[in-house]
Amino acid sequence: MFVPCGDSVPDLSGCTLLMPAVSVGNVGQLAIDLIISTLNMCKIGYFYTDCLVPMVGNNPYATAEENSTELSINAEVYASPSKKLVALQLRSIFIKYKSKSFCEKLLSWVKSSNCAKVVVLSSSHSYHRNDLQLRSTPFRYLLTPSMQKSVQNKIQSLNWEEMEKSPCIPEIDDSEFCVCIPGGGITKTLYDEGCSKEIPMVILLKFVSEGDNIPDALGLVEYLNEWLQIIKPCLQCDDPSASALPWKMPSSWRLLFGSGLPPALF
Amino acid sequence: MAATFFGEVVRAPCRAGTEDEEEEEEEGRRETPEDGEVRQQLARKREVRLLRRQTKTTLEVSLLEKYPCSKFIIAIGNNAVAFLSSFIMNSGVWEEVGCAKLWNEWCRTVDTTHLSPTEAFCVFYHLKSNPLVVLCQCSCYVAEDQQYQWLEKVFGSCPRKNVQVTILTCRHVTDYKTSESTSSLHTPFLKALKTQNFREPPCCSLLEQPNIVHDLPAAVLSYCQVWKISAILYLCYTDVMKLDLITVEAFKPVLSSRSLKSLVKNIPQSTEILKKLMTTNEIQSNIYT
């Protein structure tokens, strides 16, 4: 359930809700971190649930000593009121058998808060690509029927590729075709529920492998930005090798691959 | 997929935990009524129950509803438990008010009426002279799927804001992320995490990002943060996870906190009690028993 930080429940009607699926490489979550950090979004509440493994830590978006001691939990909601953007960040994995229950609770909250649309940032195993997918862009999108009318033209003008359907049961020759997102976590469930509950939802995903997934996250936010225009290009950027857009990495991305090495190792 | 040094192609573990999701989906499709029945039985076996050992009855309401308190001190893990036993419970009369009975793969406690000192347990006490002080000694592992149940059975569904919660626990120093090597750190050392409503200065420095906490301590602190309860977690990073004198003594700065200051009576006596606890544990922790 959504629990606000303050005393009153914020009005989210008409906002775009951005959220990650916990998926291969944690790309969706890294992408949401980039968005929250770059836009300096403020925390408006918690999505308190018994479906996610508990975890706590200090403010992952801290920029100074003063704001570094705010406690963060496993599912929090941030907002940028000026851009009518709301971001839900999920920081841990699902407890066994609880993912479907989470999807139901989440979508029930989305419906009751009257969000204009939901954008799910996700990823899928790159080793599952077929030959055609190997030769094309690694980004894909999916729209629920209630979203198709409003954004179809814009999506077509961006020349984006829709996620292809694949055989539901690959071992059987005449198997039906359906959307499969291996490594996508709850992406498929969210998409199916979004279709059946008529929720305006967009899935944006990238084919990735586990490893250093920061470049994948940067790629995914830039893909999202092509459509939503969350931030504008930085025209005074001096470093030619940097992204044209000033995405700010949060301070919690330090030491992603562990502590320093013992000098005696060498 | 990944290729190993020996040329085998293996399924690389996905740190997003998505293999479980795929297994769950497949299980959901193939599950027969018998499978469902087995799953329900396992869920019932894993249920967390709060009971009074003296009367062998289950508590009908949550523990803090039955025993409202202004101070709730929770020790999780054997070193934190030994610290509270030696330095806090050595003075005053502590009456047992409840016991959490739970089963999981790590904590196979069946009989909670006769527990040996080294067996895992989760017991609640209040101070007879001031029943508003409640203490929990939890040395059993509470699994992921049981942590929220534990919270519900202890805190209940109506969060009380006028309670101050103090949690003590240990973690292995290899869990601590720092730009220097963990082998160069002077262990054990204490770190703290507090909720927004906790106003006092902590007894040690706060846990810096990117460090995080999991398990029951995280579940309790999350609950307190969300429901605006004043709470602090004192985390001792150590390189000895079994019962250890130096690790237990690393919690001593916490004795100066407002929650514990009034409960501390005789520190030299506490140190003696602690040494006795160590000896008892060493005798009991024989692989042949």
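Residues numbered from 1 in each chain as written. Chains lettered and ligands numbered in written order. Predicted model: local features only at pLDDT ≥ 70, side-chain atom pairs only at ≥ 80, totals over all residues. Heavy atoms only, no water.

Going by what an unreviewed UniProt entry lists, chain B is known as Proteasome assembly chaperone 1 and is assigned to Balaenoptera acutorostrata. UniProt lists a comment for chain B under the heading Sequence similarities (unreviewed entry), and it reads "Belongs to the PSMG1 family." Note on chain B: under the UniProt heading Subcellular location (unreviewed entry), the record states "Cytoplasm". (UniProt positions renumbered as here; feature names shortened; annotations may be inferred.)

In the annotation of an unreviewed UniProt entry, the entry for chain A reads Proteasome assembly chaperone 2, and the organism field reads Balaenoptera acutorostrata. In its Sequence similarities (unreviewed entry) section, the UniProt entry covering chain A states "Belongs to the PSMG2 family."

Caption draft 1: Spatial organisation of the overall build of chain B. Helix and strand content of chain B: nine helices and twelve strands. Relative to its 289 residues, chain B shows a buried fraction of 49%. The contacts in chain B between residues at least 6 apart in sequence include a share of 76% that link residues at least 24 apart. Accessible surface, chain B: about 14,300 Å² in total, of which carbon and sulfur atoms supply 54%. (Helix = DSSP H or I, 4+ residues; strand = E, 2+ residues; numbered from the N terminus. Buried < 20%, exposed > 50% of the residue type's maximum accessible area, 1.4 Å probe, protein only. Contact = heavy atoms within 4.5 Å. Areas by Shrake-Rupley, 256 points an atom, 1.4 Å probe, with all protein chains shown as cover.)

Caption draft 2: Structural context of the sheet that holds strand β4 (residues 55-58) of chain A. Strands sit in the order β5(A)-β4(A)-β11(B) across an open sheet of three strands; the sheet is antiparallel. Looking at the sheet topology across the chains shown, the edges are occupied by β5 (71-72) of chain A together with β11 (212-214) of chain B. Two elements, β4 of chain A and β5 of chain A, share two bridges in a ladder whose sense is antiparallel. Residue pairing across strands places Asn-58 of chain A opposite Leu-71 of chain A, the latter belonging to β5 of chain A. (Pairing = 2+ DSSP bridges.)

Caption draft 3: Examining the interface of chain A and chain B more closely. Across the contact, 53 residues belong to chain A and 50 residues belong to chain B. Carbon and sulfur atoms supply 57% of the area that chain A and chain B bury against each other, a total of about 4,100 Å² over both sides. By the criterion of area lost to chain B, the three top residues of chain A are Tyr-48, Pro-54 and Tyr-97 of chain A, representing 16% of everything that side buries. The interface formed by chain A and chain B contains zero salt bridges. Counting every contact that joins chain A to chain B gives 14 residue pairs in polar contact (both at pLDDT 80 or more). Of all the elements in the fold, those that place two or more residues in the side of chain A that touches chain B are β1 (2-4) and β4 of chain A. Among the elements that take part in the side of chain A that touches chain B, β4 of chain A stands out by supplying four residues, more than any other. Across the side of chain A that touches chain B, the residue classes tally to 27 nonpolar, 20 polar and six charged. Bridge count between β4 of chain A and β11 of chain B: three bridges; the pairing is antiparallel. Pairing of Met-55 of chain A across the sheet is with His-214 of chain B, part of β11 of chain B. (Buried area = accessible area lost by both parts, 1.4 Å probe. Salt bridge = Lys/Arg side-chain N within 4 Å of Asp/Glu carboxyl O. Polar contact = N/O pair within 3.5 Å; in protein donor to acceptor, adjacent residues only side chain to side chain. Nonpolar A, V, L, I, M, F, W, Y, C, P; charged D, E, K, R; others polar.)

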